Amino acid sequence: QVQLVESGGGLVQPGGSLTLSCVATGVSLDEYGIGWFRQAPGKEREGVSCMGGTDGTTYYGDSVKGRFTISKDNPKNTVYLQMNSLKPEDTAVYYCTLLAPQSTARRVCLHPEIYAYDYWGQGTQVIVSS
């Protein structure tokens, strides 16, 4: 019943921008935390940015601070990731997932094995290359 659908990925040159979207059905995003994660070939999945479900806090991984922005539109049940100044190392498949609402954005983003619900969507591919 719960579905998360990511979109907005594509091919972009270094320094360019993309906006990713994640639309949730079967659940209200205002009741949960939400996070963006990515996985590149040969690398572990990493937390990119997360938003707390109740405290309104946000967290950004060190590699994306100052370049990415997470936001949420509750009436549309959609979360966004605005990505600017993209680098080749940002190339990955990006996923969104629901996160437990009772903890901080930093904690849930760093420990999805504990706090993430088992809804990841299919992901959207981002390729940054000239």
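Here the structure is a predicted model, which means the values were calculated and not measured.

## Examining the state of the cysteines
Following the criterion strictly, the structure yields two disulfides and no others. Each sulfur in the disulfide pair Cys-50 and Cys-109 lies 2.1 Å from the other. Between Cys-50 and Cys-109, the disulfide has an S-S torsion of 75° and is therefore right-handed. Of this pair, Cys-50 sits in strand 5 (residues 46-51) while Cys-109 sits in helix 1 (residues 105-110), and the two are 59 residues apart along the sequence. With a relative accessible area of 0%, Cys-50 lands in the buried category.

## Section: the sheet that holds strand 6 (residues 58-60)
As summarised here, the arrangement of the six strands in space is 2-10-9-4-5-6, forming an open sheet in which the pairing is mixed. At either end of the open sheet lies a strand with only one pairing partner, and these are strand 2 (10-12) and strand 6. Adjacent strand axes in the sheet meet at a mean angle of 25° when their direction is disregarded. The pairing of strand 5 with strand 6 spans three bridges and is classified as antiparallel. If you follow Cys-50 over to strand 6, its bridge partner there is Tyr-59.

## Brief notes about the environment of Trp-36
Checked against the element boundaries, Trp-36 lands in strand 4 (residues 33-39). On a C-alpha basis, the gap between Trp-36 and Trp-120 in space is 9.6 Å, while along the polypeptide they are 84 residues apart. Within the local environment of Trp-36, its side chain forms a polar contact with the backbone oxygen of Tyr-80, the two atoms lying 3.5 Å apart.

## Thoughts on the sheet that holds strand 3 (residues 18-25)
Strand order in the open sheet formed by four strands is 1-3-8-7, and the pairing between neighbours is antiparallel. Each of the sheet's edge strands pairs with one partner strand only, and the pair in question is strand 1 (3-7) and strand 7 (68-73). This sheet shows a mean twist of 15° between the axes of neighbouring strands, independent of strand direction. As paired strands, strand 7 and strand 8 (residues 78-83) are joined by six bridges and run antiparallel to one another.

## Side note on the side chain of Ser-21
In this structure, Ser-21 sits in strand 3. Excluding its chain neighbours within four sequence positions, the residues that come into contact with Ser-21 are Val-5, Glu-6, Ser-7, Trp-36, Thr-78, Val-79 and Tyr-80.

## Quick notes on the pairing of strand 3
Pairing of strand 1 with strand 3, which is carried by five bridges, proceeds in the antiparallel orientation. For Val-5, the partnering residue across the bridge sits in strand 3 and is Val-23. Note: strand 3 against strand 8, six bridges, orientation antiparallel. Residue pairing for strand 8: Cys-22 is matched across the bridge by Val-79.

## A word on the packing of aromatic side chains
What the rule picks out here adds up to two aromatic pairs. Aromatic side chains Tyr-32 and Tyr-117 sit 5.3 Å apart centroid to centroid with 90° between the ring planes, which places their arrangement in the edge-to-face category. With Tyr-32 in the loop between strand 3 and strand 4 and Tyr-117 in the loop between helix 2 (112-115) and strand 10 (124-128), the pair connects residues that are 85 residues apart, well separated along the chain. Plain terms: the ring middles of Phe-37 and Trp-120 are 5.3 Å apart, the flat faces sit at 75° to each other, and that makes the pair edge-to-face. In this pair, Phe-37 sits in strand 4 while Trp-120 sits in the loop between helix 2 and strand 10, placing the two residues 83 residues apart along the sequence. Taking the relative accessible area as the measure of exposure, Phe-37 reaches 1% and is therefore buried. Exposure remark for Trp-120: the relative accessible area of 18% places this residue in the buried category.

The rules behind the values
- Here the residue numbers are simple positions, counted from 1 along each chain's written sequence.
- Per-residue local features of the predicted model are confined to residues with pLDDT of at least 70, and side-chain atom pairs are confined, for both listing and counting, to 80 or more; whole-chain, interface and lining totals are unaffected and use all residues.
- Where side-chain values are given, they derive from all heavy atoms of the structure, hydrogens and water being excluded.
- We call a pair of cysteine sulfur atoms a disulfide when they lie within 2.5 Å.
- Secondary structure elements follow DSSP: runs of H or I of four or more residues count as helices, runs of E of two or more count as strands, with numbering from the N terminus.
- Relative accessibility decides the category of a residue: with a 1.4 Å probe and only protein chains considered, values under 20% of the type maximum give buried, values over 50% give exposed, and everything between is partly exposed.
- Any two strands between which DSSP finds at least two bridges are classified as paired.
- Axis definition: a line fit to C-alpha positions, over the contact stretch in the case of helices; interaxial angles, taken between N-to-C directions, run 0 to 180 degrees.
- Polar contact is defined as a pair of N or O atoms within 3.5 Å, subject to the rule that within protein one atom must be able to donate a hydrogen and the other to accept it, and that residues adjacent in sequence are counted only when both atoms are side-chain atoms.
- A contact between two residues is defined here by any heavy atoms of the two lying within 4.5 Å.
- By convention, a stacked pair of Phe, Tyr or Trp rings (six-membered ring in the case of Trp) has centres within 6.5 Å and planes under 30 degrees apart, an edge-to-face pair has planes over 60 apart, and any other such pair is tilted.

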